[in-house]
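Summary of structural features
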Amino acid sequence: HGEDGYLAWLPYRRQETAEWLKRYKAYRQIVVAGAPEDGGAAVIHSAAAELARGLEGMSGLSAAVVNAGEVPDSEAYIQLALFGSNPEIDGLFPEAVITEIGAEGFAIQTDAHTGRIVIAAAAPAGLLYGAFHLLRLFGTGQSVNGLNIRENPVNPLRMINHWDNMDGSIERGYAGKSIFFENNRFKADKERIRDYARLLASVGINAVSINNVNVHKQETLLITDEFLPDVAEVAAIFRDFAVKLFLSVNYAAPLEMGELPTADPLDPAVQEWWQHRIKDVYSAIPDFGGYVVKADSENRPGPFTYGRDHADGANMLAEALDPFGGIVIWRCFVYNCKQDWRDRKTDRAKAAYDHFKPLDGRFKDNVVLQVKNGPIDFQVREPISPLLGAMPSTHQVLELQITQEYTGQQRHLCYLVPQWKEILDFDTYLKGEGSTVKRIASGELHGSRLAGIAAVSNIGDDTNWTGHLLAQANLYGYGRLIWNPGLTSPEIAEEWIRLTFGNGSEQLIRTVQQMLLDSWGIYESYTAPLGVGFMVNPDHHYGPNVEGYEYSMWGTYHFADWQGIGVDRTKATGTGYTGQYAGSNCERYESLETCPDELLLFFHHVPYTHKLHSGKTVIQHIYDTHFEGAEQAERFAAEWEALAGSIEEGLHQQVAERLAEQAEHAKEWRDRINTYFYRRCGIADEQGRTIY
Ligand code: GCU
């Protein structure tokens with residue numbers, strides 16, 4: 001699998017330099033001190049086996065897991081130990097460190113006398129994360145002398161949502177078919193799921209939902225005896241890597257399975273039905289995570305049918321899950337998807353807040369609301385959803401999209417970590433300055449017990465997992481960033497590059513890093529301008545179509561005419577959406593003076609001649625960014641070409657193909673958008689470039 005990208009960032013490439021070998025050669029034995037008897041032993045085994053695999057691969061020498069008695073004390077080795085299992089190990093760490101390390105955290109310390117490296121944790125998951133952390137240090141060529149590392153994940157829930165259907169298709173999947181399902185059943189071969197679980201654990205993911213939030217007929221049966229044995233098998237694979245399994249459920253399951261005439265959450269028969277179901281689920285999977293629910297959203301069933309609200313709906317399921325420790329993850333992607341485009345009053349951006357904010361305090365303690373980062377739908381640029389943090393008495397998780405639905409569908413390069421960092425660093429001012437989204441997501445701001453981040457997966461059964469090899473950086477980066485939002489985008493990119501391609505060529509590392517870091521901005525520059533969004537082909541969402549959604553029912557309009565463009569969402573003259581923001585954000589977006597350029601058309605309708613803070617007019621900005629963006633996309637292809645000698649041919653080739661397509665397609669974007677606006681307004685490009 002060396003040349004096809006299957007091993008992703010865990011190829012454990014042979015480290016060629018003498019310096020590397022000198023530094024790490026001694027570490028070839030792994031000792032486990034005090035493994036628990038229960039399920040945790042498997043997680044520790046995963047950790048130890050991974051260390052052996054990684055050390056062998058990188059050093060080219062044999063490495064093994066051995067018993068404590070087998071290595072002389074004088075030798076350097078790697079030790080995995082749970083706090084409290086061995087007094088000698090506890091003695092290495094100050095009392096304060098032991099209490100500071102949480103359930104999933106770890107400490108790594110080098111024993112100055114022998115060079116022994118100790119990874120210690122409160123629970124098996126921490127040892128697994130610690131093992132991957134240490135392997136990352138080895139793999140990126142960092143020193144392991146005098147290590148004194150303490151890590152705890154910042155976000156409690158670190159989740160991946162799959163939108164996989166049982167027929168094997170993946171909604172918004174751009175990397176092949178499902179690794180879980182085919183032909184309306186589970187795939188018989190589950191080896192790939194194990195490799196996937198390793199990838200997830202290596203970046204600290206601890207939860208996964210395996211089926212689409214749009215739960216169709218067959219998937220409705222996942223919580224029945226027909227499929228629970230398979231679900232249990234998959235859960236067991238993930239369990240070995242400390243990843244908890246969740247399922248998306250159909251709110252109308254009792255009705256659609258023909259077992260009850262209703263799915264009304266306040267009907268005792270419905271409540272009993274779900275209680276009964278959940279017993280079966282937990283007898284198959286004792287550590288089952290819970291349900292993900294998309295209800296009353298885009299034609300999916302929900303409590304509205306019965307005149308009940310989202311709190312009634314979620315609480316009924318939460319009640320059933322509570323005795324088993326399960327949770328309900330209830331999505332807030334709720335809006336009118338049958339809007340009349342002539343109706344200028346209804347604003348889809350306002351919908352989630354309007355629906356959910358009034359319900360604050362009504363949800364049971366094992367319900368957590370999942371809120372998309374923006375108020376519309378994973379566009380290349382959107383403001384932050386004002387619902388995030390606006391419900392202090394309700395648990396929330398932030399939802400991101402790793403799969404590149406609106407950001408080039410893994411045919412264009414778009415490294416999303418910088419976008420996610422902007423989201424996490426955004427200050428909501430909900431509790432004064434410093435009320436950032438990252439403090440909301442982590443649960444810290446409101447002292448929330450259930451909190452964290454979920455994101456839609458970008459993987460499929462393509463050999464390299466993500467279609468575009470460089471899109472692996474998004475999965476890697478997602479995990480790393482939500483473990484520690486303090487990491488920077490360049491740091492994460494560099495780690496991924498070193499682990500994936502090796503440390504051999506500094507030119508390669510710098511070139512790919514810069515490509516990744518520039519890619520989001522470049523994609524933005526040749527697609528929909530200034531935060532206005534969409535302008536894509538309907539349904540599949542790939543490629544330019546300026547009016548693709550302009551007269552549809554989906555509530556995503558730009559209102560371009562011959563004079564101007566943009567959506568007036570102000571309180572003064574528009575839909576009033578700006579009023580959902582707290583503190584100075586409301587005024588900042590409301591006023592043309594202070595609204596940031598990149599979101600101008602999300603909040604305001606302006607003439608093409610309106611001057612941006614940049615000094616350019618809107619129309620000239622559109623022309624300039626589209627010409628420049630397409631040029632930059634072409635530059636990617638050329639830069640990658642120059643790396644041909646420093647990467648395996650197979651890997652080089654697959655990326656080269658995607659970059660060539662991107663360069664071509666960026667021109668299509670450029671010309672469609674520029675031509676559309678030129679024809680609308682008749683204002684010529686100041687630089688007289690070709691517009692058709
Ligand atoms: C988007 C996406 C859908 C998806 C939906 C959701 O609208 O296009 O495919 O089902 O988001 O998040 O539920």
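Residues numbered from 1 in each chain as written. Predicted model: local features only at pLDDT ≥ 70, side-chain atom pairs only at ≥ 80, totals over all residues. Heavy atoms only, no water.

**Comments concerning the overall build of the protein**
- A count of helical and extended segments in the protein gives 21 helices and 18 strands.
- Scaling as 2.2 N^0.38, a compact globule of 692 residues should have a C-alpha radius of gyration of about 26 Å, and the protein matches this with 26 Å.
- Counting only C-alpha atoms, the protein reaches 80 × 65 × 50 Å along its principal axes.
- Classification of the 692 residues of the protein by burial places 62% in the buried group. (Helix = DSSP H or I, 4+ residues; strand = E, 2+ residues; numbered from the N terminus. Rg over C-alpha atoms; globule rule 2.2 N^0.38 Å. Buried < 20%, exposed > 50% of the residue type's maximum accessible area, 1.4 Å probe, protein only.)

**Observations concerning the site of the ligand**
- The environment of the ligand is made up of 14 residues, and the closest members are E171, K294, R331, K372 and E405.
- Within the side chain of N214, one N or O atom sits 3.0 Å away from an oxygen atom of the ligand.
- Within the side chain of R331, a nitrogen or oxygen atom sits 2.6 Å from an oxygen atom of the ligand.
- Protein burial of the ligand: of its 320 Å² of free accessible surface, 96% is covered by the chains. (Near = heavy atom within 4 Å. Polar contact = N/O pair within 3.5 Å; in protein donor to acceptor, adjacent residues only side chain to side chain. Areas by Shrake-Rupley, 256 points an atom, 1.4 Å probe, with all protein chains shown as cover.)

**Some words on the sheet that holds strand β1 (residues 29-33)**
- Read from one edge to the other, the open sheet built from six strands follows the order β2-β1-β3-β5-β4-β6, with strand pairing classed as mixed. At either end of the open sheet lies a strand with only one pairing partner, and these are β2 (64-66) and β6 (148-151). In this sheet, neighbouring strand axes are inclined to one another by 20° on average, regardless of whether the strands run parallel or antiparallel.
- Sheet analysis places strand β4 (residues 106-110) next to β6, joined by four bridges and oriented antiparallel. From the neighbouring strand, Q109 faces β6, where its bridge partner is N148.
- Strand contacts of helix α2 (residues 40-59): β1, β2, β3 (78-82) and β5 (117-121), with the helix running at about 170° to β3, the strand carrying the most contacts. (Pairing = 2+ DSSP bridges. Axes fitted to C-alpha atoms, helices over the stretch in contact; angles between N-to-C directions. Contact = heavy atoms within 4.5 Å.)

**Details of the UniProt feature "domain: Glycosyl hydrolase family 67 C-terminal" (unreviewed entry) in the protein**
- Per the UniProt annotation, the sites labelled "domain: Glycosyl hydrolase family 67 C-terminal" (unreviewed entry) are residues 466-689.
- Secondary structure across residues 466-689 divides into 51% helix and 2% strand, with the first and last C-alpha atoms of the span separated by 37 Å. (UniProt positions renumbered as here; feature names shortened; annotations may be inferred.)

**Section: the packing of aromatic side chains**
- For the structure on display, the rule yields 40 aromatic pairs.
- Taking 4.4 Å as the distance between ring centres and 35° as the angle between the ring planes, the aromatic pair formed by Y24 and F138 counts as tilted. Taken as a pair, Y24 in helix α1 (residues 18-24) and F138 in helix α5 (residues 124-139) lie far apart in primary sequence, 114 residues in all.
- We classify Y24 as buried; its relative accessible area is 2%.
- When the ring of F534 is compared with that of Y549, the centres are 5.1 Å apart and the planes differ by 65°; the resulting orientation is edge-to-face. (Phe/Tyr/Trp six-rings, centres within 6.5 Å; stacked < 30°, edge-to-face > 60°.)

**Considerations on the sheet that holds strand β7 (residues 157-161)**
- Around the barrel, which closes on itself, the eight strands sit in the order β7-β10-β11-β12-β13-β14-β15-β16 with parallel pairing between neighbours. Recorded for the sheet is a direction-independent mean angle of 25° between the axes of neighbouring strands.
- Pairing geometry for β7 and strand β10 (residues 207-209), over three bridges, is parallel. Paired with I160 across the bridge in β10 is V208.
- Its contacts with the sheet put helix α13 (residues 417-425) on β15 (395-401) and β16 (451-456), and the angle it makes with β15 is roughly 155°.

**A short note on the packing of α2 against α5**
- In contact at an axis separation of 8 Å, α2 and α5 are set at 10° when each is read in the N-to-C sense. The angle between α2 and α5 falls in the class roughly parallel. Along its contact with α2, which presents G40, V43, I44, S46, A47, E50, L51, G54, L55 and M58, the element α5 presents P124, A125, L127, L128, A131, F132, L134, L135, F138 and G139.
- Here the residues of the contact of α2 with α5 sort into 15 nonpolar, four polar and one charged. (Parallel < 35°, antiparallel > 145°, perpendicular 65-115°, else oblique. Nonpolar A, V, L, I, M, F, W, Y, C, P; charged D, E, K, R; others polar.)

**Details of the environment of M159**
- When you line up the elements, M159 lands in strand β7.
- Separated by 322 residues in sequence, M159 and L481 place their C-alpha atoms 12 Å apart.

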